[in-house]
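Geometric and topological summary
Spelled out, the chains give:
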Amino acid sequence: MTSKCASSESTEYIARAIETGFAGMVFTNHFHRGNTAIDRDIPWKEFVEYYKRDWLLAKEEGDKHDIDVLFGIEEHYGKGKECLIYGVTPEALAECTDFPKMPIAEISSFVRSCGGFIVCAHPFRERGYITDPDEEPDMRYFDAVEVWNRGNDPKANDKAAEFVKKHNLAVIAGGDIHSVSGFGHSGIALPERVRNGSELAAALKAGKQRIITQ
């Protein structure tokens, strides 16, 4: 409903999570500067409300089956590069009316002021819209790196692995999925269940995550 490149409804992921043994997921649809299906010309608070609706549909379905569906976003921050944001509420986003034009330094500051967690997504991915795929992320603005992404080619993931090893950085792994068929092949494992964005951010800050890659 909110990502142009998606081919599954948000509620379909719940059955797949049960099937593959995941306790939950973070919905990080494309946001305002990404491949969004939402009209960017509508007022900012309406935009956030529309984005929130898709997550709520999945959350309501997840609640019926004891699957946690956490709120998140994937946003472009320049040159085709993207970040993943966890632990920021839709309400906080709605009040941050400058968000659509913030540079990465300000996005990072906002996320951290909310107690959230910001990740550099698939940092060395090669795509036509990414102007400098080899450019290293400025880690002043990120709390972790997506060291393994199912949508990347192995070379890009290997380069991310070298980067985090060199700088001793926190890591996550992501599915970058656009349909239910991709669900369950990658992600993170935690020693205890997290039920909301704040708990996820706290667990990641404490370095409790173990990456899952297949």
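Calculation notes
- Residues numbered from 1 in each chain as written.
- Predicted model: local features only at pLDDT ≥ 70, side-chain atom pairs only at ≥ 80, totals over all residues.
- Heavy atoms only, no water.
- Pairing = 2+ DSSP bridges.
- Helix = DSSP H or I, 4+ residues; strand = E, 2+ residues; numbered from the N terminus.
- Axes fitted to C-alpha atoms, helices over the stretch in contact; angles between N-to-C directions.
- Expected span 1.5 Å × (residues − 1).
- Contact = heavy atoms within 4.5 Å.
- Buried < 20%, exposed > 50% of the residue type's maximum accessible area, 1.4 Å probe, protein only.
- Right-handed = clockwise from strand over helix to strand, strands pointing away.

Re the sheet that holds strand β1 (residues 24-30)
The sheet built from six strands is open, its strands ordered β1-β2-β3-β4-β5-β6 with mixed pairing. Strand pairing shows two members of the sheet lacking a second neighbour, β1 and β6 (171-174), which therefore form its edges. For this sheet, the mean inter-axis angle between neighbouring strands, taken without regard to orientation, is 35°. For strand β2 (residues 68-78) and strand β3 (residues 81-86), the ladder comprises six bridges, and the chain directions are antiparallel. Counterpart to G78 in the pairing with β3 is K81.

A few points about helix α5 (residues 154-167)
Relative to the 20 Å expected for 14 residues at 1.5 Å per residue, α5 spans 20 Å between its end C-alpha atoms, a close match to the ideal helical length. In this structure, the buried residues of α5 make contact with β5 (144-149) and β6. A positive phi of about 55° marks N168, the residue just after α5.

Looking at the environment of V180
Mapped onto the elements of the fold, V180 is located in the loop between β6 and β7 (186-189). Considered as a pair, V180 and Q209 are 29 residues apart in the sequence and their alpha carbons are 23 Å apart. Those residues in contact with V180, other than ones at most four positions away along the chain, are S8, E12, Y13 and R16.

Some points on unusual backbone geometry
Notably, H122 is not glycine yet its phi reads approximately 25°, a positive angle. Looking at the element boundaries, H122 is found in the loop between β4 (117-121) and β5. According to the relative accessible area criterion, H122 is buried, its value standing at 3%.

Looking at the pairing of β2
Among the 11 residues in β2, 10 count as buried, and that is most of the element. In terms of strand pairing, β1 meets β2 through seven bridges, oriented parallel. Each bridged residue has a counterpart across the sheet, and for H30 the counterpart in β2 is E74. Crossover β1 to β2 through helix α2 (residues 44-64) is right-handed. Hairpin connection of β2 to β3: two residues between the antiparallel strands, including K79 at a positive phi of 60°.

Function cannot be inferred from these measures alone, as they are strictly geometric.
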